[in-house]
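# Structural description and commentary
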Amino acid sequence: MIPNVDEKYAEIYERAGPYLDTRHNDLHVRIAYGFALRLLEEYREADEAVVLPAVILHDTGWKTIPEDQHLKAFGPKMTDPDLRRVHEVEGARIANEILTAVGYDAARREEIVAIIDGHDSRETAMSLNDKVVKDADKLWRFSRTAMEIDHRRFGYELREYFGWLERQIDDWFFTPEATRMARESFTEARAALIG
Ligand SMILES: [Fe+2]
Ligand SMILES: [Fe+2]
């Protein structure tokens, strides 16, 4: 499930490209974008023009952190929340630059930047748009692609990783539809990977 980014956001995606070339973020963003489209179908009051650019830009900040530091800053063995925070702050800065450069609507730009600024560390959601972005970001973990990448990079056997991931489903999501999608995607991916 790797959708094409809508023409309306193609320039933002193109400008984000050089920043996404780390941590498999190119794949992460495209898969999260697909989940965001599905959530937007369910939650029609959410603003696509905030949600989709926020998903595209949310992890651009990782590019400013050396790759050998990444595993301290995300995943089940994260030990350095300050470093995780750096990717949010830097991502908010980069998003602001890109959205300004393309002449994006100022009110939406500010909302997108605020969402990105707390997309991992802020444990509450500020709005429905924020919920959809947070949920699409985490739903990626339940894609087959992410499971294959993540169990290796986090140092788990596949079965062990599935066990850990399944226990997170009820805690991670803000919207009921995302919880349902996570369960569905998890079940499919587990069947494909371990039968
Ligand atoms: Fe992130
Ligand atoms: Fe992310």
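Everything below is about the structure printed above this text.
Remember, predicted model here, so these are calculated numbers, not experimental data.

The next thing to look at is unusual backbone geometry. Look at Arg23: it is not a glycine, yet its phi comes out positive at around 60°. With respect to the helices, strands and loops of the structure, Arg23 is situated in the loop between helix H1 (10-16) and helix H2 (25-42). A positive phi angle, near 55°, is found at His24, a position not held by glycine. Tracing the sequence through the fold places His24 in the loop between H1 and H2.

Now for helix H8 (residues 158-172). For H8, built from 15 residues, the straight-helix expectation of 21 Å at 1.5 Å per residue is met to within 8% by its first-to-last C-alpha distance of 20 Å. When H8 is considered as a whole, its buried residues turn out to be Leu158, Tyr161, Phe162, Trp164, Leu165, Gln168, Ile169 and Trp172. Buried residues of H8, viewed axially, fall in a sector of 165°; they line one side. Residues of H8 that are exposed and angled more than 90 degrees away from the buried face: Arg159, Arg167, Asp170 and Asp171. Summarising the contacts, the buried residues of H8 are in contact with helix H6 (128-139), helix H7 (144-153) and helix H9 (176-194).

Criteria and thresholds
Residues numbered from 1 in each chain as written. Chains lettered and ligands numbered in written order. Predicted model: local features only at pLDDT ≥ 70, side-chain atom pairs only at ≥ 80, totals over all residues. Heavy atoms only, no water. Helix = DSSP H or I, 4+ residues; strand = E, 2+ residues; numbered from the N terminus. Expected span 1.5 Å × (residues − 1). Buried < 20%, exposed > 50% of the residue type's maximum accessible area, 1.4 Å probe, protein only. Arc of directions from axis to C-beta. Contact = heavy atoms within 4.5 Å.

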